[in-house]
Amino acid sequence: MIERSMERRALPREIVNAPALLSFDGIMGVHPCVVRDINAFGACLSAPYYIFASEFDLLFSGLHKTLACRVVWRRATISGVVFVVRRRAPKPVSASIIQLNPPNALPSVRPVGDVCVLPFDMH
């Protein structure tokens with residue numbers, strides 16, 4: 001008799017057995033897999049091959065949704081993943097937006113106690 005291990009997940013998983021695609025950094029194209037079960041935090045994936053990458057994107061067929069994944073366990077061709085939030089690098093500020101000496105720039109402000117004093121009257 002096979003005993004199932006005790007459930008340790010914070011949320012139960014929904015069994016979906018849905019086709020999906022994997023996208024790996026540095027590898028061209030997408031690769032098929034099956035999402036066996038899923039919840040808001042992660043999923044169990046089955047692929048026709050061993051997944052060597054530790055991070056990849058999961059794309060659902062027919063949906064315009066991509067989830068970033070990190071592998072937390074592997075058994076042959078089955079992997080457990082958690083969904084991660086990838087932080088995007090800040091966009092560089094365009095040089096045309098920042099000018100070193102704009103023509104209508106305010107003069108420097110001189111703090112005096114809790115008040116900032118401009119070198120001339122603004123009225």
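Provided above is the structure to which this section pertains.
Before going into details, it helps to say that this report is about the structure given with it. As the structure is a computational prediction, the values presented were derived from the model and not from experiment.

Here we look at the overall build of the chain
Move 1: The helix and strand tally for the chain stands at zero helices and eight strands.
Move 2: When the helices and strands of the chain are placed in sequence order, the string is β-β-β-β-β-β-β-β.
Move 3: Taken over 123 residues, the chain has a buried fraction of 22%.
Move 4: Within the chain, contacts between residues at least 6 apart in sequence are counted, and of these 41% link residues at least 24 apart.
Move 5: As displayed, the chain offers around 10200 Å² of accessible surface, 59% of which is attributable to carbon and sulfur atoms.

Considerations on the pairing of strand S1 (residues 14–23)
Move 1: Strand direction decides the pairing type here: S1 and strand S2 (residues 31–38), joined by seven bridges, are antiparallel. Note that in S2 the partner of Glu 14 across the bridge is Ile 38.
Move 2: By the bridge criterion, four bridges tie S1 to strand S4 (residues 55–60) in an arrangement that is antiparallel. Its bridge partner lying in S4, Leu 21 is registered against Leu 59.

Details of the nonpolar core
Move 1: Membership of the largest hydrophobic core comes to 18 residues, with the highest contact counts inside it found for Leu 22, Val 35, Leu 45, Phe 56, Leu 58, Val 81 and Phe 83.
Move 2: Sequence-distant contacts of Phe 56, that is, excluding residues within four places in its chain, are made with Leu 22, Ser 23, Phe 24, Leu 45, Ile 51, Leu 67, Ala 68, Cys 69, Val 71, Val 81 and Arg 86.

Thoughts on the environment of Pro 32
Move 1: Among the structural elements, Pro 32 can be located in strand S2.
Move 2: Residues Pro 32 and Ser 46, 14 residues apart in the sequence, show an inter-C-alpha distance of 9.1 Å.
Move 3: Once residues within four sequence positions are removed from consideration, Pro 32 is found in contact with Ala 20, Leu 21, Ala 47, Pro 48 and Tyr 49.

Observations concerning the sheet that holds strand S5 (residues 66–75)
Move 1: Spatial strand order, S1-S2-S3-S6-S5-S4: six strands in a closed barrel with antiparallel pairing. Taking each pair of neighbouring strands and ignoring which way they run, the sheet shows an average axis angle of 45 degrees.
Move 2: Here strand S3 (residues 42–46) pairs with strand S6 (residues 78–84) via five bridges, running antiparallel. Each residue of the ladder has a partner; that of Ala 43, found in S6, is Val 81.

Focus: the packing of aromatic side chains
Move 1: A full pass over the atoms with the stated rule returns two aromatic pairs.
Move 2: Judged by centre distance (4.7 Å) and plane angle (65 degrees), the ring pair of Tyr 50 and Phe 52 falls under edge-to-face.
Move 3: Phe 52 gets classed as exposed once you look at its relative accessible area, which sits at 70%.
Move 4: Seen from the ring of Trp 73, Arg 75 lies directly overhead, with NZ or CZ sitting 4.7 Å from the centre.

Focus on unusual backbone geometry
Move 1: Not every positive phi belongs to a glycine, and Asn 17 is a case in point at roughly 45 degrees.
Move 2: Its location among the elements puts Asn 17 in strand S1.
Move 3: You will see that Ala 76, though not glycine, has its phi angle at about 55 degrees, which is positive.
Move 4: Looking at the secondary structure, you find Ala 76 in the loop between S5 and S6.

Cut-offs used in this document
Residues numbered from 1 in each chain as written. Predicted model: local features only at pLDDT ≥ 70, side-chain atom pairs only at ≥ 80, totals over all residues. Heavy atoms only, no water. Helix = DSSP H or I, 4+ residues; strand = E, 2+ residues; numbered from the N terminus. Buried < 20%, exposed > 50% of the residue type's maximum accessible area, 1.4 Å probe, protein only. Contact = heavy atoms within 4.5 Å. Areas by Shrake-Rupley, 256 points an atom, 1.4 Å probe, with all protein chains shown as cover. Pairing = 2+ DSSP bridges. Core = buried A, V, L, I, M, F, W, Y, C linked by side-chain atoms within 4.5 Å. Axes fitted to C-alpha atoms, helices over the stretch in contact; angles between N-to-C directions. Phe/Tyr/Trp six-rings, centres within 6.5 Å; stacked < 30°, edge-to-face > 60°. Lys NZ or Arg CZ within 6 Å of the ring centre and 35° of its normal.

Read these as spatial facts, not as claims about activity.
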